[in-house]
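# Notes for the structure review
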Amino acid sequence: MDIKLYFQNTFETLPERCYFSPGRLNLIGEHIDYNGGLVFPAAINLGIYAAVSSTTNQLVRFSSMNYPKNGIVNINLSELTYKEADGWTNYAKGVILYFKDKGYTIDHGFDMAIFGTLPTASGLSSSASLLVLMVFVMCDIFNIDISRTDMALIAQHVENNYMGMHCGIMDQLIIAKGVSKKALLMNTATLETQAVSADFEGYTWVIMNTNYQRKTTDSKYNERVAECKIGLKSIRKEKKIKFLCELSMDEFKKLQHNISDEIVLKRVRHVVSEQKRVIDAKKALELHDAKWFGRLLNESHLSLKEDYEVTGLHLDTLVREAIRAGAIGARVTGAGFGGCAIALVPNDRVLDFMRIVGISYLGLTQIKADFYTVEFVDGVHRYE
Ligand code: GLA
């Protein structure tokens, strides 16, 4: 059943508009988007579909095709406070509240059905996909004319302040501004983006899902953000920088004595080294040097494992087995602590690769991994 039909069955009328909001994978540049770094994400063809119609009442009615048993959830436009029990509809409430608080005229309700094809809690950014989708839908229905960058900033604002997740801007910006067949080289200090082809002839990007998610991901994530803030403050005692990613490795080595906490020191080392890897990754792409790119992926994973400590048994196992099975590079993608990794795999090995890694991962962790190949697609859009 498609989302249009689901809407029709649920709300007993045809939807006026249909939308798609992608998920994201990040090729390289992890945990530096809140440190003013360069990152390299792409929007993918797994994401969230929505069917929507305006109504004349004051209710927003939601239904998810992924959870049909939950039926229709009603939200009153005058009751938008966060409630844990409201689950995913909190994301929608947060966005509506944002627009109301900013003085936009939100004078009627709407019905909305959604269907997500992103695996849940997989680190492929289902939350940012939903938030950017909501912002986009609200702009479309209420004729709010803002740029895609502002849409991303609003989605990030809601995630930071309403949901309490202190994420950077990477996910929202790629979901708002993704370009078909391209990844975006994104400067998170200036919000400038450059669409770049991320294809290496003869190789395929494979997403590997650990199907393991730690419950404490958000709090651990916020802990890393806080550690970077301490690192920045310490460095600023000697050098007035705005973001940690302004530091070269040489500068970091000269200034590192300002950081007294060993853990914070490791976090900052990751940030500075990861920034350099993204710059090198761009060069590797320009030179069509897949093997160099692969080595950078491996180095990124190692740094996220040893210095940033966001990987864990499941991701490390999957990445190790991926290299054994012939990937020329592999690393965690997204926040980490579980979720997905990516691998760059020779085309003629992809099927064998998935089979072999799947078997060894299952044997080692008793969990079945999932594998996907995806397309890079445009950012959030209306298609009907
Ligand atoms: C999550 C956050 C992003 C980014 C990544 C790690 O996806 O939402 O802002 O920090 O983790 O790179």
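Bear in mind the structure is a predicted one, so any value in this text is a computation, not a measurement.

### Some remarks on the overall build of the protein chain
- Of the regular secondary structure elements, the protein chain holds 11 helices and 13 strands.
- Its C-alpha radius of gyration of 21 Å places the protein chain within 12% of the 21 Å reference for a compact globule of 384 residues.
- Here the protein chain holds 384 residues, and 57% of them are scored as buried.
- A separation threshold of at least 6 residues defines the contact pool for the protein chain, and within that pool the share at least 24 residues apart is 73%.
- Working note: accessible area of the protein chain is about 16500 Å², and carbon and sulfur atoms make up 51% of it.
- Positive and negative side-chain charges in the protein chain, numbering 43 and 44 respectively, have mean positions lying 4 Å apart.

### Brief notes about the site of the ligand
- The full set of residues close to the ligand is Arg24, Glu30, His31, Asp33, Tyr34, Cys167, Gly168, Met170, Asp171, Tyr221, Gly334 and Ala335.
- Here Gly168 contributes a backbone N or O atom positioned 3.0 Å from an oxygen atom of the ligand.
- Within the backbone of Ala335, an N or O atom sits 3.4 Å from an oxygen atom of the ligand.
- For the ligand, whose accessible area on its own is 310 Å², the fraction buried by protein is 95%.
- Of the residues belonging to the shell around the ligand, the class tally is five nonpolar, three polar and four charged.
- Residue contributions to the shell around the ligand reach at least three from each of two domains, namely domain 1 (3–197 + 378–382) and domain 2 (203–373).

### Quick word on the packing of helix 6 (residues 217–235) against helix 8 (residues 262–286)
- Interaxial distance between helix 6 and helix 8 falls to 9 Å at its minimum, and their mutual angle equals 90°. Our classification of the angle between helix 6 and helix 8 gives roughly perpendicular. Contacts between helix 6 and helix 8 involve Arg224, Glu227, Cys228, Ile230 and Gly231 from the former and Ile263, Val264, Arg267, Val268 and Val271 from the latter.
- Here the residues of the contact of helix 6 with helix 8 are counted per class, giving six nonpolar, one polar and three charged.

### With respect to the sheet that holds strand 4 (residues 59–64)
- Read from one edge of the open sheet, six strands run 5-4-6-3-1-13, paired in mixed fashion. Each end of this open sheet is capped by a strand with a single partner; those strands are strand 5 (73–76) and strand 13 (381–382).
- As judged from the two bridges shared by strand 1 (residues 17–26) and strand 13, these two strands associate in the antiparallel manner. Following the sheet pairing, Phe20 is matched in strand 13 by His381.
- Helix-sheet contacts for helix 1 (residues 3–11) involve strand 1, strand 3 (41–54), strand 4 and strand 6 (110–116), and the interaxial angle to strand 6 is about 135°.

### Thoughts on the side chain of Asn90
- Assignment of secondary structure puts Asn90 in helix 2 (residues 89–101).
- Setting aside residues up to four positions removed in sequence, Asn90 forms contacts with Thr81, Tyr82, Lys83, Glu84, Tyr162 and Met163.

### Looking at the sheet that holds strand 8 (residues 192–196)
- If you trace the three strands from one edge of the open sheet to the other, you get 2-7-8, paired in antiparallel fashion. In the strand order of this sheet, the two ends are held by strand 2 (38–39) and strand 8, each with one partner.
- The sheet contact formed by strand 7 (residues 183–187) and strand 8 spans five bridges and is antiparallel. In the sheet register, Ala183 faces strand 8, and the bridge partner there is Val196.

### Regarding the domain arrangement of the protein chain
- Its domain assignment divides the protein chain into domain 1 (3–197 + 378–382) and domain 2 (203–373).
- Between the C-alpha centres of domain 1 and domain 2 there is a distance of 26 Å.
- Residue-level contacts link 34 residues of domain 1 with 39 residues of domain 2.
- Between domain 1 and domain 2, roughly 2800 Å² of surface is buried when both sides are summed, and carbon and sulfur atoms account for 68% of that area.
- Our count for the contact surface shared by domain 1 and domain 2 stands at one salt bridge.
- Taken together, domain 1 and domain 2 are joined by 16 residue pairs in polar contact (both at pLDDT 80 or more).
- Elements that contribute at least two residues to the side of domain 1 that touches domain 2 include exactly strand 1, strand 2, strand 3 and strand 8.
- Ranked by the residues each element gives to the side of domain 1 that touches domain 2, the list is headed by strand 1, at three residues.
- For the side of domain 1 that touches domain 2, the class distribution of residues is 18 nonpolar, 13 polar and three charged.

### Describing the packing of aromatic side chains
- Evaluated as defined, the whole model comprises 13 aromatic pairs.
- Summarising the aromatic geometry, the rings of Tyr49 and Tyr383 are spaced 6.3 Å apart at their centres and angled 85° between planes, so their arrangement reads as edge-to-face. Placement of the pair is Tyr49 in strand 3 and Tyr383 in the segment after strand 13, with a sequence separation of 334 residues.
- With relative accessibility at 29%, the residue Tyr49 sits in the partly exposed group.
- With a centroid separation of 5.5 Å and 70° between ring planes, the pair formed by Phe62 and Trp88 is classed as edge-to-face. Taken as a pair, Phe62 in strand 4 and Trp88 in the loop between strand 5 and helix 2 lie far apart in primary sequence, 26 residues in all.
- Take Phe62: its relative accessible area is 1%, and that puts it in the buried class.
- These aromatic residues form a ring-pair network of at least three members: Phe20, Tyr49 and Tyr383.

### Quick notes on helix 10 (residues 313–324)
- If you check helix 10, its first and last C-alpha atoms are 16 Å apart, about what 12 residues at 1.5 Å a residue would give, namely 16 Å.
- Buried within helix 10 we find His314, Leu315, Asp316, Thr317, Leu318, Val319, Glu321 and Ala322.
- Each element contacted by the buried residues of helix 10 is listed here: strand 9 (203–213), helix 9 (290–306), strand 10 (329–332), strand 11 (338–346) and helix 11 (350–365).

Reading the values: the criteria
- Residues numbered from 1 in each chain as written.
- Predicted model: local features only at pLDDT ≥ 70, side-chain atom pairs only at ≥ 80, totals over all residues.
- Heavy atoms only, no water.
- Helix = DSSP H or I, 4+ residues; strand = E, 2+ residues; numbered from the N terminus.
- Rg over C-alpha atoms; globule rule 2.2 N^0.38 Å.
- Buried < 20%, exposed > 50% of the residue type's maximum accessible area, 1.4 Å probe, protein only.
- Contact = heavy atoms within 4.5 Å.
- Areas by Shrake-Rupley, 256 points an atom, 1.4 Å probe, with all protein chains shown as cover.
- Lys, Arg positive; Asp, Glu negative; His and termini not counted.
- Charge placed at Lys NZ, Arg CZ, Asp CG, Glu CD.
- Near = heavy atom within 4 Å.
- Polar contact = N/O pair within 3.5 Å; in protein donor to acceptor, adjacent residues only side chain to side chain.
- Nonpolar A, V, L, I, M, F, W, Y, C, P; charged D, E, K, R; others polar.
- Domains from an automatic or database assignment.
- Axes fitted to C-alpha atoms, helices over the stretch in contact; angles between N-to-C directions.
- Parallel < 35°, antiparallel > 145°, perpendicular 65-115°, else oblique.
- Pairing = 2+ DSSP bridges.
- Buried area = accessible area lost by both parts, 1.4 Å probe.
- Salt bridge = Lys/Arg side-chain N within 4 Å of Asp/Glu carboxyl O.
- Phe/Tyr/Trp six-rings, centres within 6.5 Å; stacked < 30°, edge-to-face > 60°.
- Expected span 1.5 Å × (residues − 1).

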